[in-house]
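Take a look at the letters that make up each chain.
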Amino acid sequence: MGYPITKKENLSAIDFFMEVEAPHVARSWKPGQFVVLILDEKGERVPMSVYYAENGKVGMFIRRHGKTTLKLWYEFDVGDELLSVTGPLGRPIKVKHYGNVVFVSDAVCAQAESYATLKAMKEAGNYTIAIQSFENKANVYPERYLAKPVADEHYLTTEDGSVGIKGHYLDVLKELIEKDRVDIVFGGGKLGSLKKLAELTRPYGIPTIVTVRQIMVDGTGMCGSCRVLYGGEIKFACRDGPMLDAHKIDWDDAIKRNARFTEQEKLAKERYIEELKARGVI
């Protein structure tokens, strides 16, 4: 028996939303944890951040980025079943009263984490601030999928200024820090941005907890693929994270390791797109 897809909706030019029935995950998932999907018998293990986990269902934001996520978009619809939904995996973040809590995000998984994290932080009595960045208008999600409902303040930025504030979350966050309005920052998304985030908050001594996205194979710490140089130690993003102290991460190494299969991923994607064209799917 598999895991039925219960909802599926396009979010933007590049991302989509999907909900699956996975009661074992929904019962015990906490913010900061993730799941691993396997589509079918020949499928790879794909880690996914969680937008929500409730009432036996798990919601996720997914980017049409590689072969597997393209297959999920083009060949799986509501009612179809995934072979496996494993989780919850990883360590949850500490949800408590911090004061002013900011979540910054500029990529698909982080947009999901923004909602999930701030919802829990708001319920814990924090003042919550979301800063969500997108490349342009075509990539912005419908308003109901933004973190607005769980944010006391919500900022939307686009790099080209086509919607919201022109710029990046780093610009808005810098202004908030200079007004002494930030007690802790959580974040996720592009690794290059997270490196700059760490450099921004370090001089102010602001705790900064981020998702360090690395290539995972098993998602349980056995394969070692997602290892991170962390304050002079080796940590595994899947087992010890994925949300870790941004000030302790060797970002240059993390960025380099995350790109080590770029050529293979590109080739697999190109071959799959050709297959879809040959079958008349696209």
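Residues numbered from 1 in each chain as written. Predicted model: local features only at pLDDT ≥ 70, side-chain atom pairs only at ≥ 80, totals over all residues. Heavy atoms only, no water.

- Per an unreviewed UniProt entry, the recorded name for the protein is Ferredoxin-NADP reductase, and the organism is Thermococcus celer Vu 13 = JCM 8558.

With respect to the overall build of the protein
Link 1 in the chain: What the protein contains, in helices and strands, is eight helices and 17 strands.
Link 2 in the chain: For the protein, the share of sequence-separated contacts (at least 6 apart) that also reach a separation of at least 24 residues comes to 67%.
Link 3 in the chain: Accessible area for the protein stands at about 12900 Å²; split by element, carbon and sulfur atoms hold 50% of it.
Link 4 in the chain: Once the 40 positive and 39 negative side-chain charges of the protein are each reduced to a mean point, those two points are 2 Å apart. (Helix = DSSP H or I, 4+ residues; strand = E, 2+ residues; numbered from the N terminus. Contact = heavy atoms within 4.5 Å. Areas by Shrake-Rupley, 256 points an atom, 1.4 Å probe, with all protein chains shown as cover. Lys, Arg positive; Asp, Glu negative; His and termini not counted. Charge placed at Lys NZ, Arg CZ, Asp CG, Glu CD.)

Here's the deal with unusual backbone geometry
Link 1 in the chain: Across the junction of Gly87 and Pro88, the peptide omega takes the value 0 degrees, indicating a cis bond.
Link 2 in the chain: Here Pro88 shows up in strand β8 (residues 84–89).
Link 3 in the chain: The phi dihedral of Asn55 is positive, around 50 degrees, even though this residue is not glycine.
Link 4 in the chain: By the element assignment, Asn55 lies in the loop between β5 (52–54) and β6 (57–63).
Link 5 in the chain: Non-glycine residue Asp180 carries a positive phi angle of around 55 degrees.

Considering the pattern of salt bridges
Link 1 in the chain: Per the counting criterion, the structure on display carries 17 salt bridges.
Link 2 in the chain: Residue Lys8 is joined to Asp77 by a salt bridge in which the shortest nitrogen-to-oxygen separation is 3.3 Å. One end of the pair, Lys8, is in strand β1 (residues 3–10); the other, Asp77, is in the loop between α2 (67–75) and β7 (81–82), and 69 residues separate them in sequence.
Link 3 in the chain: Residue classification places Asp77 among the partly exposed positions, given a relative accessible area of 43%.
Link 4 in the chain: We note a salt bridge from Asp15 to Arg63, for which the minimum N-O separation is 2.7 Å. (Salt bridge = Lys/Arg side-chain N within 4 Å of Asp/Glu carboxyl O. Buried < 20%, exposed > 50% of the residue type's maximum accessible area, 1.4 Å probe, protein only.)

Points about the packing of helix α4 (residues 169–178) against helix α5 (residues 191–201)
Link 1 in the chain: Packing of α4 against α5 brings their axes to within 11 Å, and their N-to-C directions diverge by 15 degrees. Overall, the two elements α4 and α5 adopt an arrangement that is roughly parallel. In the packing of α4 onto α5, the handedness of the crossing is right-handed. Contacts between α4 and α5 involve Tyr169, Leu170, Leu173, Lys174 and Ile177 from the first element and Ser193, Leu194, Lys196, Leu197, Leu200 and Thr201 from the second.
Link 2 in the chain: The residue makeup of the contact of α4 with α5, split by class, is seven nonpolar, two polar and two charged. (Axes fitted to C-alpha atoms, helices over the stretch in contact; angles between N-to-C directions. Parallel < 35°, antiparallel > 145°, perpendicular 65-115°, else oblique. Left-handed = near helix turned anticlockwise from the far one by under 90°. Nonpolar A, V, L, I, M, F, W, Y, C, P; charged D, E, K, R; others polar.)

As for the sheet that holds strand β9 (residues 100–105)
Link 1 in the chain: One open sheet holds the seven strands; their spatial order is β12-β11-β10-β9-β13-β14-β17, and the pairing between them is mixed. The two strands at the open ends of the sheet, each matched to only one other strand, are β12 (165–166) and β17 (243–245).
Link 2 in the chain: Bridge analysis of strand β13 (residues 184–188) against strand β14 (residues 208–211) gives three bridges, and the strand direction is parallel. Bridge pairing links Phe186 to Ile209 in β14. (Pairing = 2+ DSSP bridges.)

So, the environment of Ala237
Link 1 in the chain: Looking at the element boundaries, Ala237 is found in helix α6 (residues 237–240).
Link 2 in the chain: Once the C-alpha coordinates of Ala237 and Thr220 are considered, the two residues, 17 residues apart in sequence, prove to be 9.3 Å apart.

With respect to the sheet that holds β8
Link 1 in the chain: Across the sheet, which stays open at both edges, the three strands sit in the order β4-β3-β8 with antiparallel pairing between neighbours. Looking at which strands have only one partner, the edges of the open sheet turn out to be β4 (46–49) and β8. Neighbour-to-neighbour, the strand axes of the sheet open up by a mean angle of 30 degrees, direction not taken into account.
Link 2 in the chain: Pairing of strand β3 (residues 34–38) with β4 involves four bridges; the strand directions are antiparallel. Directly across from Phe34, in β4, lies its bridge partner Ser49.

Thoughts on the domain arrangement of the protein
Link 1 in the chain: Parsing the protein into structural domains produces domain 1 (3–89) and domain 2 (100–259).
Link 2 in the chain: Summarising the inter-unit geometry, the C-alpha centres of domain 1 and domain 2 are found 21 Å apart.
Link 3 in the chain: In this assembly, 20 residues from domain 1 lie in contact with 26 residues from domain 2.
Link 4 in the chain: The junction of domain 1 with domain 2 conceals about 2100 Å² of combined surface from both sides, 61% of it contributed by carbon and sulfur atoms.
Link 5 in the chain: Of all residues in domain 1, Ser49, Tyr51 and Phe61 give up the largest surface area on contact with domain 2, accounting jointly for 29% of the area buried on that side.
Link 6 in the chain: For the pair domain 1 and domain 2, the interface holds one salt bridge. (Domains from an automatic or database assignment. Buried area = accessible area lost by both parts, 1.4 Å probe.)

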